[in-house]
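Spelled out from the first residue to the last, the chains are:
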Amino acid sequence: MLLVLFPPLAALAANSLTVYYQPATTWTAVNVHYAPTGGSWTTTPGVAMSADSCAGWFRKEINLGDATGAQLTFNNAAGTWDNNSGRNYSAGTGVVTIAGGTVGSAVPCGTANTASIYYKTAWTATYLHWAPAAGSWTISPGVVMNETACAGWALKTVSLGSASALQATFNNGSGTWDNNSGQNYRLGAGVTTVNGGVVTGNTSSPCAAVSPSPSVSASVSPSASVSPSASVSPSASVSPSVSPTVSPTPSTSTPATTGSMLGGDPRKDSIYFVLTARFYDGDSANNRGGSQNTKSGNAANNDPMFRGDFKGLVDKLDYIKALGFSAVWITPVVLNRSDYDYHGYHGWDFYEVDPRLESDGASYQDLIDTAHAKGLKIYQDVVFNHTSRWGAKGLFTPTVYGVRDSQWSWYYSEKVAGKEYNPLEENATGNTYNGDLWSSTAPAGNTCPNYGLATGAKSSEGYALYNCQWPSPTAKMFPADLFHQCWIGNWEGEDARSCWLHEDLADLNTENATVQNYLIGAYKKYIDMGVDGFRIDTAVHIPRVTWNRKFLPALQAHLTSKYGATKAKDFYIFGEVAAFVNDKWNRGSVNHSAQFFTWKERKEYSSDDVAAALEQFNYENNLGTGNQPTSTNAFLSGNNYHAPDYSQFSGMNIIDMRMHMNFGDASNAFYNGKDSDDSVNDATYNTVYVDSHDYGPNKSSTRYAGGTDAWAENMTLMWTFRGIPTLYYGSEIEFKAGQKIDCGPSCPLETTGRAYYGSHLAGSVTASDYGVVGSSSGAVATTLSQPLVKHLQRLNQIRRAVPALQMGQYSTEGVSGGMAYKRRYTSGSVDSFALISVSGGATFSGIPNGTYVDAVTGDTKTVTGGSLTISLNQKGNLRVYVLSQSGNPAPGKVGADTTYLK
């Protein structure tokens, strides 16, 4: 997410705070009692701090989630508090020191560099034996890992001094050691987990997903804020008295069923990815800021979260076509319901289009039809894994405890018989009607313990908190047959496919037939509207066997009934299998590696989907990486194209996570991509991008900022190597380069990689062809004049002119040079053979004799001895020598020279 979250997966990256505290008097122990900004307080008396190496100081590293600060207070774990004259201490992220009531950032004794190590263990006591890089080891058995952590984990934070890494091993203090196959563990600074020999660095606490009951201390109450925060706002819980239905009642916005997809091989297309709500505002009447509009800072910028819409996208389809793209990937369109849901990944009614995206004359159907009329496909982002925190209308919507008293009447809407949630109806604080979600008495069938009883704790605003006030997977608020009941503990374990990603994302039990029918029924309707493909969010969090036995066959059957078997295959399905690693297999877990999802099952499993999911996980996990299927579908046989074998294809293609993670530079992405291609059913169908709404390369939290030359080189590679090139909106002008991609409602959207793009699109534009501007004026004309835009336009023109660049298999056999390869595509009367070199020179040996013409310069070379040499030395420049054949002549020079292509 993922998720984003909040697109799927994106919001899982955590901010951290390292607190150093010096008591005014001699305390032998110190607890810190804290609440992340907008979040809940720890249970009194808080969590234990560790004695620091600097005498008299105590230290604790705190995981803040997506919060950008915290409120703090301290006690001696025996009832004595630092009341700081009745006020909480306030801190941001990073390092804070507190002594004598003064808050600073100078680390005591200069030990700012720390490593927080979580070790998965069943020992009653766990010791860390360690040494900083180039430093001395502790005295055996080491130091006890005695900091507060969740069940099954031991934690210790150590100061590294000037070192940036450490070596470590672990033991139980009684002679039993984790020998890690005879090797020391090598760990870095920051937060690291060690689980079963697997080291995960630069991560968040494995205990962060555990949601403790909020509480405040007796002597120091958390300071109240004026407006409620997203994380304190109550959410739904409890089973309803009415049994869930499989299909929701149609509404006026229920998708129509009148469209037809364009069809054609999806590899011919290049894809432009937009967050619809952040692209272009065609109708300000549907703009909505939500309850976080002021808190986020969006209100001060006059920049509501829902700003762009389908009308704006319709208005600027010609801009996208003028860039040269022929497909548009848009974020989810279903009706969302959460505090900050502009991105679309908090689906509530999967059968209804969100009205904050539609306008009169610009419905979703209008967008699809208009795009098709311009020769542009629409790829719809879809979510099968989870709903909003409020469940899904027509499947299950929980009922939370609520009370309209002097504290909570601002939040809980007065009930109106028959009234439903409508995101267009916001009150003065940006809140929408929620009278359908709460009850002051437990509804029939309630399973949430202590429904409505006060917890004794208070929110950060000072309001009384109650049991069952908002959803949680572990508090019996959702029925187990429809929703999973746990938090993810191991992101490469089986629980990653059967537990919640985040409190905002209720995890569907996708192995349940009712859930399957609900989702399949919803997405059939969008197929009937004529969408051209689905990008599947958080695909890795659903077992492959469930995809292969249920969802993919159901979608294919519906497509076949609508279009026939041949055209049905043109519907492009590409899954987000988030594997944020740089190796071929995701930490050795085949079940969590992207290429795994392109294959059918190799054996029969139990008819029960829950049992089958576990059987499949264990079977494939035990086979390991060395026994996975391989394919030659992406590779030439010598110089010849061969018919691909799709007999074991699952029906799901993938986002190329390995190239994405390695796009710190193009060459690294190229070599890593090649290394994985034999394990993908057909890598020529991979979706390839540098960055997105979730991450930049190497799991960076910022938009790519490698510079214009590097962007040009990245694009040159993507548009000529195997796979389908994809660009995140605005990258054509390096929009928001280096900015944090997402920070939730803790900062204005304008300061992030999800900022509003519309100011760059103001004015008018028409496209006379793909990559060709017919006319333009205003700001959009300036945007289209940028050198990187010109580079992109020409790449699209060249790729469209050479079938081998679109659909060809490739080979580096007989090729010397860096990013250099030969590609060929043969089908019917089409035979396209090309020699490609990016940024540097290359020699191609053993190639067919004949005349080759470069699509960039028009240069002609005649090959008589089976060898052709390319001279090239410019980052981002390109040579594409196409073999000119009878019936398949080379296109010659395509387009005009640009800064990079010349």
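Conventions adopted
- Residues numbered from 1 in each chain as written.
- Predicted model: local features only at pLDDT ≥ 70, side-chain atom pairs only at ≥ 80, totals over all residues.
- Heavy atoms only, no water.
- Helix = DSSP H or I, 4+ residues; strand = E, 2+ residues; numbered from the N terminus.
- Rg over C-alpha atoms; globule rule 2.2 N^0.38 Å.
- Buried < 20%, exposed > 50% of the residue type's maximum accessible area, 1.4 Å probe, protein only.
- Contact = heavy atoms within 4.5 Å.
- Areas by Shrake-Rupley, 256 points an atom, 1.4 Å probe, with all protein chains shown as cover.
- Lys, Arg positive; Asp, Glu negative; His and termini not counted.
- Charge placed at Lys NZ, Arg CZ, Asp CG, Glu CD.
- Pairing = 2+ DSSP bridges.
- Axes fitted to C-alpha atoms, helices over the stretch in contact; angles between N-to-C directions.
- pLDDT = per-residue confidence, 0-100.
- Disulfide = S-S within 2.5 Å.
- Polar contact = N/O pair within 3.5 Å; in protein donor to acceptor, adjacent residues only side chain to side chain.
- Salt bridge = Lys/Arg side-chain N within 4 Å of Asp/Glu carboxyl O.
- Core = buried A, V, L, I, M, F, W, Y, C linked by side-chain atoms within 4.5 Å.
- Phe/Tyr/Trp six-rings, centres within 6.5 Å; stacked < 30°, edge-to-face > 60°.
- Lys NZ or Arg CZ within 6 Å of the ring centre and 35° of its normal.
- Expected span 1.5 Å × (residues − 1).

A. Here's a closer look at the overall build of the chain. Scanning the chain from N- to C-terminus turns up 14 helices and 43 strands. Rg of the C-alpha trace for the chain: 28 Å, near the compact-globule value of 29 Å for 902 residues, within the 12% margin. Expressed along its principal axes, the backbone C-alpha trace of the chain runs to roughly 90 × 70 × 60 Å. Considering the chain as a whole, with its 902 residues, one finds that 59% of them fall into the buried category. Long-range contacts, defined as pairs at least 24 residues apart, comprise 73% of the intrachain contacts of the chain with a sequence gap of at least 6. Looking at the chain as shown, the accessible area adds up to about 30,800 Å², and 48% of this sits on carbon and sulfur atoms. On the chain, the mean spot of the 61 positive side-chain charges and the mean spot of the 72 negative ones are 3 Å from each other.

B. Local environment of the sheet that holds strand β24 (residues 377-383). Spatial ordering of the open sheet is given by β33-β32-β31-β24-β21-β20-β35-β34, a layout of eight strands whose pairing is parallel. Each edge of the open sheet is held by one strand with a lone partner, namely β33 (653-654) and β34 (687-688). Note that β24 and strand β31 (residues 533-537) share five bridges and pair parallel. Bridge pairing in β31 places Tyr 379 opposite Gly 533. Helix-sheet contacts for helix α4 (residues 364-373) involve β21 (327-330) and β24, and the interaxial angle to β24 is about 140°.

C. Molecular detail of the confidence of the model for the chain. Chain-level statistics for the chain give a pLDDT mean of 89 and a share of 92% at 70 or above. Note that residues 1-13 has pLDDT below 50 and, in this model, 78 contacts with residues that lie over four places away or in other chains. Across residues 209-253, confidence stays below pLDDT 50; counting only partners more than four residues off in sequence or on other chains, it has 142 contacts.

D. Expanded view of the side chain of Asp 269. Mapped onto the fold, Asp 269 is located in the loop between β19 (198-200) and β20 (271-274). Look at Asp 269 and you get buried, because its relative accessible area is 7%. Setting aside residues up to four positions removed in sequence, Asp 269 forms contacts with Ser 326, Ala 327, Lys 377, Tyr 379, Ile 724, Pro 725 and Arg 799.

E. View of the state of the cysteines. Counted according to the given criterion, the structure contains four disulfides. A sulfur-sulfur distance of 2.0 Å marks the disulfide that ties Cys 448 to Cys 468. Here Cys 448 and Cys 468 share a disulfide; its torsion about the S-S bond, -100°, makes the bridge left-handed. On the criterion of sequence distance, the pair formed by Cys 448 in the loop between β27 (438-439) and β28 (454-458) and Cys 468 in the loop between β29 (464-466) and β30 (505-507) is long-range, its members being 20 residues apart. Assigned by exposure class, Cys 448 and Cys 468 land together as buried.

F. Fine view of unusual backbone geometry. With omega at 10°, the peptide bond leading from Thr 44 into Pro 45 counts as cis. Inspection of the secondary structure assignment puts Pro 45 in the loop between β2 (31-36) and β3 (47-48). A cis amide bond links Ser 140 with the next residue in sequence, Pro 141, at an omega value of 10°. Of note, Pro 141 is situated in the loop between β12 (127-132) and β13 (143-144). Notably, Lys 476 is not glycine yet its phi reads approximately 60°, a positive angle. A positive phi angle is found at Thr 538, which is not glycine, with a value near 45°. Its place among the elements puts Thr 538 in the loop between β31 and α6 (544-563).

G. Local environment of helix α10 (residues 666-676). Burial in α10 covers these residues: Ala 666, Ala 669, Phe 670, Asn 672, Gly 673 and Ser 676. On the buried face of α10, the contacting elements are α9 (657-661), α11 (708-720) and β39 (815-827). At the N-terminal boundary of α10, the capping side chain belongs to Asp 665, with an oxygen 3.3 Å from the backbone nitrogen of Ser 667.

H. Examining the pattern of salt bridges more closely. For the coordinates displayed, the defined rule picks out 37 salt bridges. Ionic pairing is found between Arg 278 and Asp 303, a salt bridge with its closest N-O pair at 2.8 Å. Taken together, the residues Arg 278 in helix α1 (residues 276-279) and Asp 303 in the loop between α1 and α2 (310-315) connect sequence positions 25 residues apart. Comparing Arg 278 with Asp 303 shows no difference in burial state: the two are buried. Here Asp 678 ties to Lys 584 by a salt bridge, and the two come within 2.7 Å at their closest N and O atoms. Highlighted residues: Asp 678 in the loop between α10 and β34 and Lys 584 in the loop between β32 (572-575) and α8 (609-623), separated in sequence by 94 residues. Asp 678 gets classed as partly exposed once you look at its relative accessible area, which sits at 26%.

I. Structural detail: the nonpolar core. One finds Phe 279, Tyr 319 and Tyr 364 to be the most contacted residues of the largest nonpolar core, which totals 175 residues. Examining the composition of this core, we find that nine residues originate from one element, helix α5 (residues 513-529), more than from any other. In this structure, Tyr 319 is in contact with Tyr 272, Phe 279, Glu 732, Tyr 757, Leu 761, Val 765, Val 780, Thr 783 and Leu 784, ignoring residues within four places of it in sequence. By size, the runner-up hydrophobic cluster in this structure holds 20 residues, among which are Val 19, Phe 58, Ala 67 and Val 96.

J. Local environment of the pairing of strand β42 (residues 860-863). Both strand β41 (residues 850-854) and β42 contribute to a ladder of four bridges, which runs antiparallel. Opposite Gly 850, over in β42, you have Val 863 as the bridge partner. Here β41 hands over to β42 after five residues, with Gly 858 in that stretch at a positive phi of 85°.

K. Spotlight on the packing of aromatic side chains. Here the structure, examined in full by the defined rule, presents 66 aromatic pairs. Geometrically, the ring pair formed by Phe 350 and Tyr 523 is edge-to-face, given 6.4 Å between the ring centres and 80° between the ring planes. With Phe 350 in strand β23 (residues 347-353) and Tyr 523 in helix α5, this residue pair connects regions lying 173 residues apart in the sequence. As far as burial versus exposure is concerned, Phe 350 and Tyr 523 are alike and both buried. Sitting over the ring of Tyr 756, Arg 307 keeps its end group 3.7 Å from the ring centre.

L. View of helix α13 (residues 787-801). Between its first and last C-alpha, α13 extends 21 Å over 15 residues, near the 21 Å set by a 1.5 Å rise per residue. Burial of α13 is extensive: eleven of the 15 residues sit out of reach of the surface. Within α13, burial applies to Leu 788, Val 789, His 791, Leu 792, Gln 793, Arg 794, Leu 795, Asn 796, Gln 797, Ile 798 and Arg 799.

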